[in-house]
Amino acid sequence: MTTQDSGSAPKPPAKDPWDLPDVSALSVGVLGGTGPQGRGLAYRLARAGQKVTLGSRDAGRAADAAAELGHGVEGTDNAECARRSDIVIVAVPWDGHAKTLESLREELAGKLVIDCVNPLGFDKKGAYALKPEEGSAAEQAAALLPDSRVTAAFHHLSAVLLQDESIEEIDTDVLVLGEARADTDIVQALAGRIPGMRGIFAGRLRGAHQVESLVANLISVNRRYKAHAGLRATDV
């Protein structure tokens, strides 16, 4: 018997974490696309060449916002936005998160959903994190959308910077969480379409609460230093 007959196959080489798919042909829908965060993400992705549709409860309002953004962005109601998109970003206010997703369960079936909602409360001391019963906004989305592929990303971006047409690059990393590596790879690649931005894999959805909660700290940073701070992961 030779050493090659030992019965143990050679271990395949580890996948390069930066070997990400080409997502340029995928269409992106943004639920809550008329709000600051949704508009900002839609603008940056469309400016990078992505096909983008804004969704809103009011189709007319979405169409008006899309016309203002340009770059081929289209606007329609949330249900049609979900139907016509390959990837759907959830950027609705936290207080409407569950109701919106419940109403779109059928339209979002089979879709890759990116939840970027941050459950926050505010009082005289400033912003503080809320913890949903499911653990996080992303986990609530996964519970409400059993037939969708739910990920979490784009939590720590400044809506002001995203919408500023004079800014060419957004200097930040995007923490991406999800259950399937193929899905998080797509989201990382989508983030990387925006100049200056990187998508960084940050674990499974059970870790989403920490990521969502960190926004409360960033709000304090920004108020203290009159900034629009984001995040960078070092040594990656």
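Residues numbered from 1 in each chain as written. Predicted model: local features only at pLDDT ≥ 70, side-chain atom pairs only at ≥ 80, totals over all residues. Heavy atoms only, no water.

*Asks:* What exactly am I supposed to notice about the overall build of the chain here?
*Replies:* What the chain contains, in helices and strands, is eight helices and 10 strands. Since a compact globule built from 236 residues should have a radius of gyration of about 18 Å, the 19 Å found for the chain is in line with a globular shape. Expressed as a percentage of contacts within the chain between residues at least 6 apart in sequence, the contacts between residues at least 24 apart total 71%. For the chain, the accessible area works out to roughly 12100 Å², and carbon and sulfur atoms hold 50% of it. (Helix = DSSP H or I, 4+ residues; strand = E, 2+ residues; numbered from the N terminus. Rg over C-alpha atoms; globule rule 2.2 N^0.38 Å. Contact = heavy atoms within 4.5 Å. Areas by Shrake-Rupley, 256 points an atom, 1.4 Å probe, with all protein chains shown as cover.)

*Asks:* How should the packing of aromatic side chains be read in this particular structure?
*Replies:* Both the distance between ring centres and the angle between the ring planes are used here to describe each pair of aromatic rings. This model, assessed by the stated rule, comprises zero aromatic pairs. The ring of Phe-201 carries Arg-181 above its face, with NZ or CZ at 4.1 Å from the centroid. (Phe/Tyr/Trp six-rings, centres within 6.5 Å; stacked < 30°, edge-to-face > 60°. Lys NZ or Arg CZ within 6 Å of the ring centre and 35° of its normal.)

*Asks:* Even after reading the chapter, I still don't get helix α7 (residues 181-192), so can you show me in this structure?
*Replies:* Because each turn of an α-helix spans 3.6 residues, side chains separated by three or four positions end up pointing in the same direction. With 12 residues, α7 extends 16 Å from end C-alpha to end C-alpha; this agrees with the ideal 16 Å at 1.5 Å per step. Taking burial as the measure, the 12 residues of α7 include nine buried ones, the bulk of the element. Turning to α7, its buried residues are Asp-183, Thr-184, Asp-185, Ile-186, Val-187, Gln-188, Ala-189, Leu-190 and Ala-191. (Expected span 1.5 Å × (residues − 1). Buried < 20%, exposed > 50% of the residue type's maximum accessible area, 1.4 Å probe, protein only.)

*Asks:* Looking at this model, I keep getting lost on the sheet that holds strand β10 (residues 197-201). Mind explaining?
*Replies:* Backbone hydrogen bonds are what pair the strands of a sheet, in a parallel or an antiparallel way. The strand order β3-β2-β1-β4-β5-β8-β9-β10 describes an open sheet built from eight strands, whose pairing is mixed. With partners counted over all chains shown, the strands left at the sheet margins are β3 (74-77) and β10, one partner each. Each adjacent strand pair in this sheet contributes to an overall mean axis angle of 30°, direction not counted. In the packing of helix α1 (residues 36-47) onto the sheet, contacts are made with β1 (27-31), β2 (51-56) and β4 (87-90), and the angle to β2 comes to roughly 165°. (Pairing = 2+ DSSP bridges. Axes fitted to C-alpha atoms, helices over the stretch in contact; angles between N-to-C directions.)

*Asks:* Any chance you could explain the pairing of β3 here in plain terms?
*Replies:* It is a general feature of regular strands that their side chains alternate between the two faces of the sheet. The sheet contact formed by β2 and β3 spans four bridges and is parallel. Within β3, the position partnered with Leu-54 by the bridge is Gly-75. In the classification by handedness, the crossover that spans β2, the intervening helix α2 (residues 59-69) and the parallel β3 is right-handed. (Right-handed = clockwise from strand over helix to strand, strands pointing away.)

*Asks:* Would you take a moment to explain the side chain of Thr-34 for this structure?
*Replies:* Following the sequence through the fold, Thr-34 ends up in the loop between β1 and α1. Beyond its immediate sequence surroundings of up to four residues, Thr-34 is in contact with Arg-39, Gly-55, Ser-56, Arg-61, Ala-62 and Ala-65.

*Asks:* Teacher, can you tell me more about unusual backbone geometry here?
*Replies:* Excluding glycine, residues mostly carry a negative phi; peptide bonds, for their part, are mostly trans. In this structure, His-71 takes a positive phi of about 55° despite not being glycine. Topologically, His-71 is positioned in the loop between α2 and β3. Judged by its relative accessible area of 46%, His-71 is partly exposed. Residue Phe-154 is not a glycine yet carries a positive backbone phi of 65°. Topologically, Phe-154 is positioned in the loop between β8 (149-152) and α6 (159-163). Among the residues examined, Phe-154 registers a relative accessible area of 1% and is labelled buried.

*Asks:* Where do I start with the environment of Ile-89 in this structure?
*Replies:* As for its position among the elements, Ile-89 is in strand β4. Each C-alpha atom of the pair Ile-89 and Asp-115 lies 5.9 Å from the other, and the pair is 26 residues apart in sequence. Discounting chain neighbours no more than four positions away, the residues touching Ile-89 are Val-28, Gly-29, Val-30, Leu-31, Leu-41, Leu-45, Ile-114, Cys-116 and Phe-154.

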